[in-house]
Amino acid sequence: QVQLVESGGGLVQAGGSLRLSCVGAGNIFNINTMGWYRQAPGNQRDVVATITRGGNTNYADSVKGRFTISRDNAKATVYLQMNSLKPEDAGVYYCYLRQGYSQFHEYWGQGTQVTVSS
């Protein structure tokens, strides 16, 4: 089992920045992709950014150029630097981890709230 613990959410004014962190614990081995998803009230959980073990990244179009995902494989940690935040970036941000490749397990953090005031 893997446990994911997020931190770094909060309230910020539009145009501001936040940095989210997610640390994995437990049976941390063979970690594949890590990432961040966002869920706004009444909406489904959508991908924000993902990063592979080798460092390849993908971003939702809405955050390209403003958000940066990174990871520390040795610490089983993934980060999301969010700049130039907009009210539409608000929601609960969930950390995601995929363990394994052809056969894999997926894990989610408990979520951290991001609120952006206009």
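Data block above holds the structure.
Since the model is a prediction, treat every value here as computed from it, not as a measurement. (Residues numbered from 1 in each chain as written. Predicted model: local features only at pLDDT ≥ 70, side-chain atom pairs only at ≥ 80, totals over all residues. Heavy atoms only, no water.)

By the alternation rule, side chains of strand 7 (residues 67-72) split into Phe67, Ile69 and Arg71, which are all buried, and Thr68, Ser70 and Asp72, of which none is buried. Alignment of strand 7 against strand 8 (residues 77-82), held across six bridges, turns out to be antiparallel. Across the sheet, residue Thr68 finds its bridge partner in strand 8, namely Gln81. Between strand 7 and strand 8, which pair antiparallel one after the other, the connecting turn spans four residues, and Ala76 there sits at a positive phi close to 50°. (Buried < 20%, exposed > 50% of the residue type's maximum accessible area, 1.4 Å probe, protein only. Helix = DSSP H or I, 4+ residues; strand = E, 2+ residues; numbered from the N terminus. Pairing = 2+ DSSP bridges.)

All right, on to the sheet that holds strand 3 (residues 18-26) then. Pairing in this open sheet of four strands is antiparallel, and the strands run 1-3-8-7 from one edge to the other. Two strands close off the open sheet at either side, each with one partner strand: strand 1 (2-7) and strand 7. Averaged over neighbouring strand pairs, the angle between their axes works out to 15° when direction is ignored. Direction of pairing for strand 1 relative to strand 3: antiparallel, over a ladder of six bridges. The residue bridging Val2 from the neighbouring strand is Gly26, located in strand 3. (Axes fitted to C-alpha atoms, helices over the stretch in contact; angles between N-to-C directions.)

The topology assignment puts Thr112 in strand 11 (residues 112-117). Engagement of the side chain of Thr112 in a polar contact is seen with the backbone nitrogen of Gly9, the distance being 3.3 Å. If near-sequence neighbours (up to four positions away) are discounted, Thr112 is found in contact with Glu6, Gly9, Leu20, Gly91, Val92 and Tyr93. (Polar contact = N/O pair within 3.5 Å; in protein donor to acceptor, adjacent residues only side chain to side chain. Contact = heavy atoms within 4.5 Å.)

Applying the stated rule across the entire model yields three aromatic pairs. Where Tyr37 meets Tyr96, the ring centres are 5.5 Å apart and the plane angle is 55°; that geometry is what we call tilted. Here Tyr37, found in strand 4 (residues 31-39), pairs with Tyr96, found in strand 9 (residues 91-100); they are 59 residues apart in sequence, far enough to count as distant. Grouping residues by exposure puts Tyr37 and Tyr96 together as buried. On the numbers, 5.1 Å between centres and 55° between planes, the contact of Tyr96 with Trp108 is tilted. Pair noted here: Tyr96 is in strand 9 and Trp108 is in strand 10 (residues 104-108), with a separation of twelve residues, a long-range link. According to the relative accessible area criterion, Trp108 is partly exposed, its value standing at 37%. A connected cluster of aromatic rings, assembled from ring pairs, spans Tyr37, Tyr96 and Trp108. Lying across the ring of Trp108, Arg45 places its NZ or CZ 4.7 Å from the centre. Across the ring face of Phe104, the terminal group of Arg98 is positioned such that the distance to the ring centre comes to 4.0 Å. (Phe/Tyr/Trp six-rings, centres within 6.5 Å; stacked < 30°, edge-to-face > 60°. Lys NZ or Arg CZ within 6 Å of the ring centre and 35° of its normal.)

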